[in-house]
Amino acid sequence: MYNVPYPLSESFPRTTMIMHQDDEEIPLLQQPERLVAKTPLPWDQFWIILLLQFSDYLAIDTLAPFTPQLIRDIGVTHGDETRVGYYVGILRSSSYVAQTLTILYWCQLSDCIGRKPLILMALFAIASTMLSFGLSRSFLGLLVSRIICGAFDAHNGLIKNLLMDITDATNLPKAYAYLQISFMLSAIIGPIAGGSLSQPTDRFPETFGHSELLKTYPYLLSCAVPVVCASIALLVTYFCLKESVSTRTPLLDLINFLHSHM
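Each value, and the rule that gives it
- Residues numbered from 1 in each chain as written.
- Predicted model: local features only at pLDDT ≥ 70, side-chain atom pairs only at ≥ 80, totals over all residues.
- Heavy atoms only, no water.
- Helix = DSSP H or I, 4+ residues; strand = E, 2+ residues; numbered from the N terminus.
- Buried < 20%, exposed > 50% of the residue type's maximum accessible area, 1.4 Å probe, protein only.
- Contact = heavy atoms within 4.5 Å.
- Areas by Shrake-Rupley, 256 points an atom, 1.4 Å probe, with all protein chains shown as cover.
- Axes fitted to C-alpha atoms, helices over the stretch in contact; angles between N-to-C directions.
- Parallel < 35°, antiparallel > 145°, perpendicular 65-115°, else oblique.
- Left-handed = near helix turned anticlockwise from the far one by under 90°.
- Nonpolar A, V, L, I, M, F, W, Y, C, P; charged D, E, K, R; others polar.
- Core = buried A, V, L, I, M, F, W, Y, C linked by side-chain atoms within 4.5 Å.
- pLDDT = per-residue confidence, 0-100.
- Patch = residues over 30% accessible without salt bridge, like charges linked within 9 Å, V, L, I, M, F, W, Y side chains within 5 Å.
- Salt bridge = Lys/Arg side-chain N within 4 Å of Asp/Glu carboxyl O.

**Student:** Hey, could you go over the overall build of the protein for me, with residue numbers and the actual values?
**Tutor:** Scanning the protein for helices and strands turns up 13 helices and zero strands. Secondary structure elements in the protein, listed N-terminal to C-terminal, are α-α-α-α-α-α-α-α-α-α-α-α-α. Among the 262 residues that make up the protein, the fraction classed as buried is 38%. The contacts in the protein between residues at least 6 apart in sequence include a share of 79% that link residues at least 24 apart. Total accessible area computed for the protein in this model is approximately 16,600 Å², and 64% of it derives from carbon and sulfur atoms.

As structure tokens, this is what we get:
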């Protein structure tokens, strides 16, 4: 017999063996990857989505330059400059709070009655509330205008739903990249229009100095920019946008169904 000073398992270095398990789903020979043809963007409908997003952001960006001065003019701060930012923040956030509480229901409703009716409703809400914002002379009127606009403006969700309806996996990333163009254009045009057209009787006395309407409502002309844009988008949507939901439930039947199950 041989004397082994230590166990045989410790006399040699341990090696790790990689066992290749047979898998029927993995081919033995590497197959070349199949190239998937990319679907081109449906520009006949996609440009309308860009217009819709532009009109939505324009309404927000136009208000930013003159809202602090508007708060001072209506006298809600009683001359306290430290309160200006507080009331501007309330106006800014009120529409988003209302939109947060309603956007999910509007998007769910669009699956039943279609995207187009609710997009038209949102555009009408933007146009009407921006007009009322320019005609408001009290903080309550301004606040109500922004809340109503946020409650009925479901653009953020509806545009995403509509985009998913008309694109596929091959062109969706490209479509999302193009959406940023609308955001950037509104961020450029909105503040310029809102700031330069506010108080036009003082800025352009030769052109608007005799307008009593603009003297009474010095921010109406600034608010008219998103009103016009939303009105144009409403007409374009009504005549050119194709409904992307194929199976729709008539609104009256949906109301009767909900009423019977309440």
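Once you've had a look at it, read on.
**Student:** Describe the packing of helix α3 (residues 67-74) against helix α4 (residues 84-113), with residues and values.
**Tutor:** Following both chains from N to C, one finds α3 and α4 inclined at 115°, their axes separated by 9 Å at the closest point. Of the possible angle classes, the one that applies to α3 and α4 is roughly perpendicular. Classified by chirality, the crossing of α4 by α3 is right-handed. Across the interface between the two elements, Thr-67, Pro-68, Ile-71 and Arg-72 from α3 touch Val-84, Tyr-87, Val-88 and Leu-91 from α4. Looking at the contact of α3 with α4 residue by residue, the classes come out as six nonpolar, one polar and one charged.

**Student:** Can you lay out the nonpolar core for me, pointing to particular residues and giving the numbers?
**Tutor:** Across soluble globular proteins, nonpolar side chains have a tendency to be buried as a group. Grouped together as the largest cluster of nonpolar side chains are 23 residues, with contacts concentrated most on Phe-46, Ile-49, Leu-52, Ile-119 and Leu-163. In terms of residues, this core owes the most to one element, helix α2 (residues 43-63), which gives six residues. Setting aside residues no more than four positions away along its own chain, Ile-119 makes contact with Leu-52, His-155, Leu-158, Leu-162, Thr-237 and Leu-241.

**Student:** Give a description of the environment of Val-245 that names residues and reports values.
**Tutor:** Here Val-245 shows up in the loop between α12 (220-240) and α13 (251-260). Here the alpha-carbon distance between Val-245 and Asn-161, two residues 84 residues apart in the chain, equals 9.9 Å. Sequence-distant contacts of Val-245, that is, excluding residues within four places in its chain, are made with Ser-110, Asp-111, Gly-114, Arg-115 and Asp-165.

**Student:** With reference to specific residues and values, describe the confidence of the model for the protein.
**Tutor:** For the protein, per-residue confidence averages 87 on the pLDDT scale, and 82% of positions sit at 70 or higher. Long-range and interchain partners of residues 8-20, a stretch whose pLDDT sits below 50, account for one contact in this model, where long-range means more than four residues apart.

**Student:** Hey, could you go over unusual backbone geometry for me, with residue numbers and the actual values?
**Tutor:** Its identity is not glycine, yet His-78 carries a phi of approximately 55°, on the positive side. Despite not being glycine, Gln-199 shows a phi value in the positive range, around 50°. Checked against the element boundaries, Gln-199 lands in the loop between α8 (172-196) and α9 (200-203). The exposure class of Gln-199 is partly exposed, given its relative accessible area of 22%.

**Student:** Quick rundown of a nonpolar patch on the surface? Include the residues and the values.
**Tutor:** Together, Ile-181, Phe-183, Met-184, Leu-185, Ile-188, Ile-189 and Ile-192 make up a nonpolar patch on the protein surface, roughly 630 Å² of accessible area in all. One can find Ile-188 in helix α8.

**Student:** Which residues make up the packing of α4 against helix α5 (residues 115-135), and what values go with them?
**Tutor:** The contact between α4 and α5 brings their axes to 10 Å, and the two run at 160°. Considering the angle they form, α4 stands roughly antiparallel to α5. Pair α4 / α5 crosses with right-handed handedness. Of the residues in α5, those in contact with Leu-91, Trp-106, Cys-107, Leu-109, Ser-110, Asp-111 and Ile-113 of α4 are Arg-115, Pro-117, Leu-118, Met-121 and Phe-133. By residue class, the composition of the contact of α4 with α5 is nine nonpolar, one polar and two charged.

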